[in-house]
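Descriptive structure summary
Listed below are the residues making up each chain.
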Amino acid sequence: MEVVATKTITQRSFFWGLAQHNKLIKMIEVSRNKQIERVKLSLDSDKFNYFLAQSLNKVTSHRSLQQLAKTLADHFIQNQIEIRNKSNQQRQRQNALPQIIRRSQQSIKVLPKPPRIEPKQQQIPLNKVPFTILEPQYSYLLGGGNNHELIKRIMDTRREWHQCKSTTRVHFRWQQSNIGYKYYKMNAYNPHRSLVNHFEFHQEISNKKNLLLNMTTFCDSIHRNVFDILPVTFIIDFNDSQIESHLVAFLNYYNQYSPNPISQDELLLKKQEIKKKLRIPPSKERRYIDYQMKDTFLGDDYLWLLKPTGLNRGRGINVFNSIDQLTDLLIEYTSGVSEKHIETPNEKIYQGIIIKSPSFVVQKYIEKPLLINNRKFDIRVWVLVDQDLNCYFFKEGYIRTASEDFVTNDVNNLFIHLTNNAIQKYSQKYGDQEAGNQLSFDQIQKIFKNKIDFRQVIVKKMKEIAFLVMNSVGNKINRNNRRNCMEIFGFDYFLDEKFNLYLIEVNTNPCIEESSPLLAQLIPRMLDDAYILTLDSIFNISREKVSPFPVKGYQNNENMWQLLGSLKDQVIYQ
């Protein structure tokens, strides 16, 4: 009876389902709900759809729609009965299995369990302890140049990171300049975290002109003279409508301290001649520099420097000692001039490269510098500004020495006057006295130990100047409040023979080439410790306390960046 009833219901469901399936379900008797649900589930299931497709292939012809429905219903019911029978047989076999197992166990003599022997634990050497391999979670993109392979080596110590070649959704981007950085996306509304290695407006201090303007304004506000920190400097910018006032101010100051000054009438004629040659338009503004030049900057040869404002690594810098030389240099650089060739036994550098600049600074050359073995030197240190505008000073730096003995009567020999490694490495005497023409702070401490405590006096002074310089642009360097920017700046200083310290310039993208054993030790640690404060902090990455880049004299678990203060509130912490 149950099979007949099921068949009748299924036939009815097929027939009405072709026309109005939902209305038929409501009309079925309540007393057969369980049976109806079982058939309905079968009709709606994927198994029934498969069965339907197979059955249609078997039914070759039918006289009417009702006949098709009846035939399919018969096939379906028969199939369900077969499936149910197979399930019952399988269930019976499963129920009989425990009884068979019990009878088998009763016929087998049970032996007592042997005593358990605890396995001997092996001592695994510490260097072979297995560790969990973490899948990279974050991606970084590297630009080329400036020893970018070192950045990759440092990032390889962070297993959470992997290198990619696309800027899409990258988490950390490093390159020599900020060209191509989409700062407008770095805001609080963007959930994607991304760190870049340059601030949007780093040119406020890395550009020589902007450095002077910002430092002048800031020093005036704190009642200090900017030329107690920087050498006497003038701006000559051909894009500035007030260029005449800057040029006239320089010419007046130049003649004032010249060992061979000319009369006012001669000076007036010289100004008119220069303005005509350089095609400088008149301006109403008048400037006057009231500053007593220090005697360590004065000498018999009266040397000055001309520097394009946007270049680094010594490129485009010229030494001159006459107004006529300056005029010729300005004409050359504003129209475009090939960089000077530095000839070596094997090659020439800078060949064919054209420099064209409309903006310059004219700076007084120090003629009585402090010397090491009768050679000029300067000091390179690193300053970090993190994503929260905290300012740090790296505890170690290095000394860059010239290859040639210091004289002031040879203005064309760059190996005498410019200590940049990018210049000195082409000298035939490079590395003769120091590896890579570089000395450590400990070495210079010993050299001048009878005259001054280098670390306690000079390094402390460098920290003070660095923090003062960074504060001069504290409200400008990230004026649009971009999220997650950081930058490492290279600060260059020199000392005069009286141990007075002066800032030369501030460099974005400081050189990270490991050109000596000293730099091979300092630079990787400097970068790695900087990324602990920035990269690891932003992405909540826990690092091992032991640094993979040891530095002599420092613990491997200490961060060598010293916090100076915050640029947000100009608070000095140390």
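An unreviewed UniProt entry lists the protein chain under the name ATP-grasp domain-containing protein, from Paramecium primaurelia.

Between its first and last C-alpha, helix α7 (residues 208-221) extends 20 Å over 14 residues, near the 20 Å set by a 1.5 Å rise per residue. Within α7, burial applies to Lys 208, Lys 209, Leu 211, Leu 212, Asn 214, Met 215, Phe 218 and Cys 219. Packed against the buried residues of α7 are α6 (203-206), β5 (233-237), β6 (304-308), β12 (359-364), α14 (454-471) and β19 (501-507). Capping of α7 at its N-terminal end is provided by Asn 207; its side-chain oxygen lies 2.9 Å from the backbone amide nitrogen of Lys 209. Of the residues one or two after α7, His 223 is the one with positive phi, at around 60°.

Attention now moves to the sheet that holds β12. Spatially, four strands are ordered β5-β12-β6-β7 in an open sheet, and the strand pairing comes out antiparallel. Two strands bound the open sheet, and with one partner strand each, they are β5 and β7 (318-320). Each neighbouring strand pair of the sheet contributes to a mean axis angle of 25°, computed without reference to strand direction. One ladder, built from three bridges, connects β6 with β7; its direction is antiparallel.

Time to look at the environment of Asn 225. Assignment of secondary structure puts Asn 225 in the loop between α7 and β5. For Asn 225, a relative accessible area of 29% corresponds to the partly exposed category. Between the C-alpha atoms of Asn 225 and Met 215, which are 10 residues apart in sequence, the distance is 9.4 Å. Those residues in contact with Asn 225 that sit more than four places away from it in its chain are Cys 219 and Tyr 291. A polar side-chain atom of Asn 225 sits 2.9 Å from the main-chain amide nitrogen of Phe 227.

What follows covers the pattern of salt bridges. If the charged atoms of two oppositely charged side chains come close together, the side chains can form a pair. Per the stated rule, a full pass over the model turns up 25 salt bridges. Linking Glu 505 and Lys 208 is a salt bridge whose minimum nitrogen-to-oxygen distance equals 3.4 Å. Separated by 297 residues along the polypeptide, Glu 505 in strand β19 and Lys 208 in helix α7 bring together distant segments of the chain. The buried category is assigned to Lys 208, whose relative accessible area is 11%.

Moving on to the nonpolar core. In terms of nonpolar packing, the biggest core is built from 88 residues, with Ile 379, Met 462, Met 470 and Phe 491 touching the most fellow members. When residues in this core are grouped by element, the largest group, 10 residues, is from α14. Aside from chain neighbours lying at most four places away, what touches Phe 491 is Ile 379, Arg 380, Val 381, Val 383, Ala 466, Val 469, Met 470, Leu 503, Glu 505 and Val 506. By size, the runner-up hydrophobic cluster in this structure holds 36 residues, among which are Tyr 398, Met 526, Leu 535 and Met 560.

Cut-off values and rules
- Residues numbered from 1 in each chain as written.
- Predicted model: local features only at pLDDT ≥ 70, side-chain atom pairs only at ≥ 80, totals over all residues.
- Heavy atoms only, no water.
- Helix = DSSP H or I, 4+ residues; strand = E, 2+ residues; numbered from the N terminus.
- Expected span 1.5 Å × (residues − 1).
- Buried < 20%, exposed > 50% of the residue type's maximum accessible area, 1.4 Å probe, protein only.
- Contact = heavy atoms within 4.5 Å.
- Polar contact = N/O pair within 3.5 Å; in protein donor to acceptor, adjacent residues only side chain to side chain.
- Pairing = 2+ DSSP bridges.
- Axes fitted to C-alpha atoms, helices over the stretch in contact; angles between N-to-C directions.
- Salt bridge = Lys/Arg side-chain N within 4 Å of Asp/Glu carboxyl O.
- Core = buried A, V, L, I, M, F, W, Y, C linked by side-chain atoms within 4.5 Å.

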